[in-house]
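Listed below are the residues making up each chain.
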Amino acid sequence: VLRMLTNYLIYYGNTATETVGLLQVPSSVTAYSGSSMNAIFLGSSSTKGSDMLSALQSILIPFLDSLYNKVTTVKIVVSPQCYNRLTAPYSATYNPTAALKATIENFIAGKTKDGTVPDLEFVIEPMFAPSTIFNAQTYDYLLLLAPEMPTGPDEEKQPMLLFGAPLMEFVYPTIPGSYTTQYKFLRRVAGVFAPVQAAVVAYRNF
């Protein structure tokens, strides 16, 4: 339970305690204006994967541009529904490659050992699924994250996202000295710290 609540705070934060989560790092969550992955998936296009690939590039490329491709890894956190839609074939007629695979391969192509082309990691997050106990909204969320970035002439990696937890595990008896007693497990969380806010971009209804 503590782990699950901690994960929830990392994503959603807590307004009452002013605990910042990843969805609060950008000034606002951007409403995706194009056709959702589900709408494309259910549509009649014979190139569903191509349409999804274009949609994914429309949010990924501006993110990389804003960080000058200096990030080593980009984490793309999506709901299970979104991830599953992204596995649709690029084309029903001539190419079975999924939009998901095409996106990753496009960035891997031509990368050298010392290159700065980022690795793309897709993270499936059930907490981003719509209409659940974690997300009461009827839409899902998507996060683009740049956890670290090489800086300076020595290309020293610096964290762009930090999570503060002054007290990770604390256990104490509810009635000290009792032979049979319950124990409480506590965790104190400070929230997410993002020295470079451009390292986080949030979308809804993707």
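Here we summarise the structure given alongside this text. Just so we're clear, the structure is a prediction, and the values are computed from it rather than from any experiment.

The subject of this paragraph is the sheet that holds strand β1 (residues 30-31). Taken together, five strands build an open sheet; the order of strands is β1-β13-β6-β2-β5 and the sheet is mixed. A strand with exactly one partner marks an edge of an open sheet, and here the two such strands are β1 and β5 (119-124). Across two bridges, β1 lies against strand β13 (residues 200-204) in parallel orientation. Residue pairing in the sheet places Thr 30 in a bridge with Tyr 203 of β13.

This brings us to the packing of aromatic side chains. Counted by the stated rule, this structure contains nine aromatic pairs. An angle of 80 degrees between the planes, with centres 6.0 Å apart, marks the rings of Tyr 12 and Tyr 141 as edge-to-face. Taken together, the residues span a long stretch of sequence, with Tyr 12 in helix α1 (residues 2-12) and Tyr 141 in strand β6 (residues 141-145) at a distance of 129 residues. Here Tyr 12 matches Tyr 141 in class, with each residue buried. An aromatic cluster is present here, built from Tyr 8, Tyr 11, Tyr 12, Phe 128, Phe 134, Tyr 139 and Tyr 141 joined pairwise through their rings. The ring of Tyr 139 has Arg 204 sitting right over it, with the charged end atom 5.0 Å from the ring centre.

Looking at where Thr 87 falls in the secondary structure, it is placed in the loop between α4 (80-85) and β3 (89-91). With relative accessibility at 40%, the residue Thr 87 sits in the partly exposed group. The sequence separation of Thr 87 and Leu 64 amounts to 23 residues, and the corresponding C-alpha distance is 23 Å. Apart from the residues lying within four places of it in its own chain, the contact partners of Thr 87 are Ala 98 and Leu 100. A polar contact is formed between the side chain of Thr 87 and the backbone oxygen of Asn 84, at a distance of 2.5 Å.

Another point: helix α3 (residues 48-66). End to end, α3 covers 28 Å across 19 residues, agreeing with the expected 27 Å (1.5 Å per residue, within 8%). For α3, the principal kink sits at Gln 57 and spans about 30 degrees. Listing the buried residues of α3 in full gives Gly 49, Ser 50, Met 52, Leu 53, Ala 55, Leu 56, Ile 59, Leu 60, Phe 63 and Leu 64.

Bringing α1 into the picture now. The set of residues buried in α1 consists of Thr 6, Tyr 11 and Tyr 12. Just past α1, the residue Gly 13 takes up positive phi, approximately 65 degrees.

The buried count for β6 comes to five of five residues, which makes it a mostly enclosed element. Burial along β6 is two-sided: Tyr 141, Leu 143 and Leu 145 and Leu 142 and Leu 144, pointing in opposite directions, are all buried. Pairing between strand β2 (residues 73-78) and β6: three bridges, direction antiparallel. For Val 77, the partnering residue across the bridge sits in β6 and is Leu 143. Examined bridge by bridge, β6 and β13 share five bridges and lie antiparallel to one another. In the strand pairing of β13, Leu 143 is matched with Ala 202.

About the criteria used
Along each chain, residues carry numbers from 1 onward, in the same order as the chain's sequence is written. Two thresholds apply to this predicted model, a pLDDT of at least 70 for residue-level local features and 80 or more for giving and counting side-chain atom pairs, whereas whole-chain, interface and lining totals are computed over all residues. In computing side-chain properties, one takes all heavy atoms of the structure into account and sets aside hydrogens as well as water. At least two bridges found by DSSP between two strands is the condition for calling them paired. Each helix is a run of DSSP H or I of at least 4 residues and each strand a run of E of at least 2, with the numbering of both proceeding from the N terminus. Aromatic contacts are taken between Phe, Tyr and Trp rings whose centres are within 6.5 Å, Trp giving its six-membered ring; a plane angle under 30 degrees counts as stacked, one over 60 as edge-to-face, and the others as tilted. Three labels apply to residues, based on accessible area from a 1.4 Å probe with only protein chains included: buried if under 20% of the type maximum, exposed if over 50%, partly exposed otherwise in between. Charge-over-ring placement is defined geometrically: NZ (Lys) or CZ (Arg) within 6 Å of the ring centre, and within 35 degrees of the ring normal. In this analysis, two residues are considered to be in contact whenever any of their non-hydrogen atoms come within 4.5 Å of each other. Polar contacts here mean pairs of N or O atoms no more than 3.5 Å apart (in protein, one a potential hydrogen donor and the other a potential acceptor; neighbouring residues in sequence count only if both atoms are side-chain atoms). Expected helix span is computed as 1.5 Å times (number of residues minus one). Note on bend: the value at a residue is the angle between axes fitted to the seven residues ending there and to the seven starting there.

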